[in-house]
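One-letter residues, chain by chain:
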Amino acid sequence: MSWLLTVIVVTGSIAAMTLAYPGGAPLSACSGLIPQHDSNASADNSAYSIKLERLAPNQLRVILSAAKVPFKGFIMASTDPSGKFTPEDTTSKLLNCKDQPTVTHTNSTAKFNVPVLWQRDPELGSVTFVATVVTGYNEDYVPEIKNAYTP
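Residues numbered from 1 in each chain as written. Predicted model: local features only at pLDDT ≥ 70, side-chain atom pairs only at ≥ 80, totals over all residues. Heavy atoms only, no water.

Examining the pattern of salt bridges
All chains considered together, the criterion is met by four salt bridges. Across the salt bridge formed by Arg61 and Glu88, the nearest N and O atoms sit 2.7 Å from each other. Linking Arg61 in strand β2 (residues 59-66) with Glu88 in the loop between β4 (84-87) and β5 (92-95), this pair joins segments that are 27 residues apart in sequence. For Lys146, the salt bridge is made with Glu144, and the minimal N-O distance between the two is 3.2 Å. (Salt bridge = Lys/Arg side-chain N within 4 Å of Asp/Glu carboxyl O. Helix = DSSP H or I, 4+ residues; strand = E, 2+ residues; numbered from the N terminus.)

Quick look at the sheet that holds strand β7 (residues 113-119)
Within the open sheet, the four strands sit side by side as β1-β2-β7-β4. Their pairing is antiparallel. A strand with exactly one partner marks an edge of an open sheet, and here the two such strands are β1 (48-56) and β4. Adjacent strand axes in the sheet meet at a mean angle of 30° when their direction is disregarded. As judged from the eight bridges shared by β1 and β2, these two strands associate in the antiparallel manner. Its bridge partner being in β2, Lys51 is matched across the sheet by Ile63. (Pairing = 2+ DSSP bridges. Axes fitted to C-alpha atoms, helices over the stretch in contact; angles between N-to-C directions.)

Quick word on unusual backbone geometry
In this structure, Pro122 follows Asp121 across a cis peptide bond, with omega equal to -5°. The residue Pro122 is located in the loop between β7 and β8 (127-134) in this model. Positive phi, normally seen in glycine, also occurs at Leu33, with a value near 55°. Examined against the element boundaries, Leu33 turns out to sit in the loop between α1 (2-19) and β1. The class for Leu33 is buried, based on a relative accessible area of 6%. One non-glycine residue, Asp99, lies in positive phi territory at about 60°. Along the chain, the position of Asp99 falls in the loop between β5 and β6 (102-105). (Buried < 20%, exposed > 50% of the residue type's maximum accessible area, 1.4 Å probe, protein only.)

Notes on the environment of Lys68
Inspection of the secondary structure assignment puts Lys68 in the loop between β2 and β3 (73-78). Along the sequence, Lys68 and Tyr48 sit 20 residues apart, while their C-alpha atoms lie 8.5 Å from each other.

A short note on the state of the cysteines
Taken as a whole, this structure holds one disulfide when the rule is applied. What pairs with Cys30 in a disulfide is Cys97, and their sulfur atoms sit 1.8 Å apart. Taking the sign of the S-S torsion, -75° for the link of Cys30 and Cys97, the bridge is left-handed. Taken as a pair, Cys30 in the loop between α1 and β1 and Cys97 in the loop between β5 and β6 lie far apart in primary sequence, 67 residues in all. (Disulfide = S-S within 2.5 Å.)

With respect to the packing of aromatic side chains
Inspection of the entire model under this criterion finds five aromatic pairs. Between Tyr48 and Phe71, the aromatic rings sit 6.2 Å apart at their centres with planes inclined by 75°, giving edge-to-face as the arrangement. With a gap of 23 residues between them, Tyr48 in strand β1 and Phe71 in the loop between β2 and β3 connect regions that are remote in the sequence. Aromatic ring contacts, followed pair by pair, group Tyr48, Phe71 and Phe74 into a single cluster. (Phe/Tyr/Trp six-rings, centres within 6.5 Å; stacked < 30°, edge-to-face > 60°.)

Remarks on the sheet that holds β5
Adjacent strands of a sheet pair through backbone hydrogen bonds, lying either parallel or antiparallel. Across the sheet, five strands lie side by side as β5-β6-β3-β8-β9; this open sheet has antiparallel pairing. The sheet terminates laterally at β5 and β9 (141-149), the two strands that pair on one side only. On average, each strand axis in the sheet is inclined to that of its neighbour by 20°, with strand direction left out of account. As paired strands, β3 and β8 are joined by six bridges and run antiparallel to one another. Bridging from a neighbouring strand, Gly73 pairs with Val134 of β8.

Below is the structure:
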């Protein structure tokens, strides 16, 4: 009996780790930037923000930030399909969403700031960045974190 219980616990643990997406959002999250696990949208996104720093005529630093409560996962996209993200550190990676430049997390460690570069040729035009953050697998996610850049 204890052997069967061990098999059930191990199988359940593997399934839970697989569903949590610790290595980044799946492609199915591209539509609507909604996490693919059992949680609900939070009505309050004031604890998170997207900061923009212009570095060059065609480049911005985009920083997804938490004020007090860190996030473990995220997905962030741009409304401008002609630009591209470049991760600045190991906390983010590109996600191949169709017609929407997108980045996501690479691990589930707590994060207060995630910087990425945004570049487009020639000079930057107006662009909006939208993100969703997750503080934990079974916790509510925070959608619609936005910031717009206008030259």
